[in-house]
Amino acid sequence: MASRTPLLRRRTARLMQAGAVALATLTALVVHAPTAAASDVCGRQVGGDILVAYNATGGQGGPLGCPTTDELATPDGIGRYNHFSGGSVYL
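Here the residue numbers are simple positions, counted from 1 along each chain's written sequence. Totals for whole chains, interfaces and linings use every residue, but because this is a predicted model, local features are given only for residues with pLDDT of at least 70 and side-chain atom pairs only at 80 or more, for both listing and counting. With hydrogens and water excluded, all non-hydrogen atoms of the structure serve as input to the side-chain values.

K.L.:
Would you mind going over the state of the cysteines with me for this structure?
P.N.:
Put plainly, a disulfide is one covalent bond tying together the sulfur atoms of two cysteines. What counts as a disulfide here is a pair of cysteine sulfur atoms lying within 2.5 Å. For the structure shown, the criterion picks out one disulfide. Linked covalently through their sulfurs, C42 and C66 form a disulfide whose S-S length is 2.1 Å. For the disulfide bridge between C42 and C66, the dihedral angle about the S-S bond is near -45°, and by the sign convention the bridge is left-handed. Taken together, the residues span a long stretch of sequence, with C42 in the loop between β1 (39-41) and β2 (44-46) and C66 in the loop between α2 (48-56) and β3 (72-73) at a distance of 24 residues. Relative accessibility under 20% of the residue-type maximum defines a buried residue, over 50% an exposed one, and the middle range a partly exposed one, all with a 1.4 Å probe and only protein chains included. Classification of C42 as partly exposed rests on a relative accessible area of 36%. Residue C66 is classed as partly exposed on the basis of its relative accessible area, which comes to 28%. Where helices and strands are cited, they refer to DSSP runs of H or I of at least four residues and of E of at least two residues respectively, numbered from the N terminus.

Laid out in structure tokens, this is it:
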């Protein structure tokens, strides 16, 4: 049972990180922060409410890290998303 402790700690840390990202995103949406213009972050384009949520989590120094994609449209054409080294933000 003791050998499972490191695995549980890693899983708990990942869940806490995901929760922090979700909370920051929700906070940005509830506050109705002004839409931000697209910015170059680590060589990728991040903009609008995704940029607001990204900056609310700490930007490059936060749990999301650098973006791995430019901001893209969801398949249904309604939403937007960015993937980051530490997770994704969909709005």
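K.L.:
Help me understand the packing of aromatic side chains in this model?
P.N.:
Pairs of aromatic rings are described using the distance from one ring centre to the other and the angle between the two planes. Each pair of aromatic rings taken from Phe, Tyr and Trp, with Trp reduced to its six-membered ring, is defined by centres within 6.5 Å and is described as stacked if the planes are under 30 degrees apart, edge-to-face if over 60, and tilted in the remaining cases. Scanning the entire structure with this criterion turns up two aromatic pairs. Consider the rings of Y54 and F84, whose centres lie 4.8 Å apart with planes at 15°: the pair is stacked. Of the two residues, Y54 sits in helix α2 while F84 sits in strand β4 (residues 80-84), which places them 30 residues apart along the sequence. Summarising the burial analysis for this pair, Y54 and F84 share the class buried. Note on Y81 and Y90: the rings are 5.0 Å apart at their centroids and 15° apart in plane angle, and the pair reads as stacked. A relative accessible area of 15% places Y81 in the buried class. Look at Y90 and you get partly exposed, because its relative accessible area is 49%.

K.L.:
So what exactly am I meant to see when it comes to the pattern of salt bridges here?
P.N.:
When their charged atoms lie close together, side chains carrying opposite charge are able to pair. By convention in these notes, a salt bridge is any Lys or Arg side-chain nitrogen within 4 Å of a carboxyl oxygen on Asp or Glu. Under the counting rule described, the total for this entry stands at one salt bridge. As a salt-bridge pair, R80 and E71 come within 2.9 Å of each other at their nearest N and O atoms. By relative accessible area, which is 35% here, R80 ends up partly exposed.

K.L.:
Before we go on, may I ask you to explain the pairing of strand β5 (residues 87-90) in this structure?
P.N.:
The two faces of a sheet get side chains in turn, since along a regular strand they alternate between them. For two strands to be treated as a pair, DSSP must find no fewer than two bridges joining them. Pairing of β4 with β5 involves four bridges; the strand directions are antiparallel. For H83, the partnering residue across the bridge sits in β5 and is S88. Between the end of β4 and the start of β5, which pair antiparallel, lie two residues.

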